[in-house]
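Structural features, examined
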Amino acid sequence: MSPSPVSSTPILRTVLVWSGTVTAILAVIGAVVGFLVAGTNGLWSALAGVLVAAVFLGITAASILIANRWYGNELYVPVFFGIVMGGWILKFIVFIVILFVLRGQPWIQPTVFFLALVASVVASLAIDVVVMLRMRVPHVSDVALPTDPDTGDKRDEEPRAS
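Residues numbered from 1 in each chain as written. Predicted model: local features only at pLDDT ≥ 70, side-chain atom pairs only at ≥ 80, totals over all residues. Heavy atoms only, no water.

Right, let's talk about helix α1 (residues 8–67) for a bit. Structurally, the α-helix is built with 3.6 residues per turn, so residues lying three or four positions apart point the same way. Between its terminal C-alpha atoms α1 stretches only 11 Å, short of the 88 Å expected from 60 residues at 1.5 Å a residue. By the largest-angle criterion, A38 marks the main kink of α1, which is about 150°. (Helix = DSSP H or I, 4+ residues; strand = E, 2+ residues; numbered from the N terminus. Expected span 1.5 Å × (residues − 1). Bend = angle between axes of the 7 residues up to and from the residue.)

What follows is the structure, encoded as structure tokens:
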């Protein structure tokens, strides 16, 4: 594992921090609005919707951050794709389990749950856009450029046969 991070690491960390903050704000707003609209069931439905969205949206960024720890290793590409694809498979399995668990629960108010879920997803997409627009990352990153032989740096040259 390499100590030098990939250029996407600061972006993903920023996304996770902002998403956590916005999730907390949405949880409070959703709980209050859900309680005012549908009582205690609305409160719990809104919290469940925000939490489900936060978990699903965080798994992808977290899996990429975890996979980036192997940058520089000869097995980086297979490890990266294995971790990210594993995260997506995990999300799919957890989604199915959550649907089965929450389906028919007496405390779920479907409209409040759905609106909280949608609001969380939209907020997450907005965060992704804002972070990507504000981050200053070079267009070409994580690339080692060849040296100029005219500058006297001959490290990259192979020894010549006489």
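Our focus in this paragraph is the side chain of K91. Take K91: it is sitting in helix α2 (residues 76–102). This buried residue, K91, is left without a salt bridge; D128 holds the nearest opposite charge, at 9.7 Å. A polar contact of 3.3 Å, which involves the side chain of K91, links it to the backbone oxygen of F56. Contact partners of K91, with chain neighbours within four places excluded, come to F56, I59 and T60. (Buried < 20%, exposed > 50% of the residue type's maximum accessible area, 1.4 Å probe, protein only. Lys, Arg positive; Asp, Glu negative; His and termini not counted. Salt bridge = Lys/Arg side-chain N within 4 Å of Asp/Glu carboxyl O. Polar contact = N/O pair within 3.5 Å; in protein donor to acceptor, adjacent residues only side chain to side chain. Contact = heavy atoms within 4.5 Å.)

Per the stated rule, a full pass over the model turns up four aromatic pairs. Aromatic pair F56 and F95: ring centres 6.0 Å apart, planes at 80°, arrangement edge-to-face. In this pair, F56 is assigned in helix α1 and F95 in helix α2, connecting sequence segments 39 residues apart. With centroids separated by 5.3 Å and ring planes inclined at 90°, the aromatic side chains of Y71 and Y76 adopt a geometry described as edge-to-face. (Phe/Tyr/Trp six-rings, centres within 6.5 Å; stacked < 30°, edge-to-face > 60°.)

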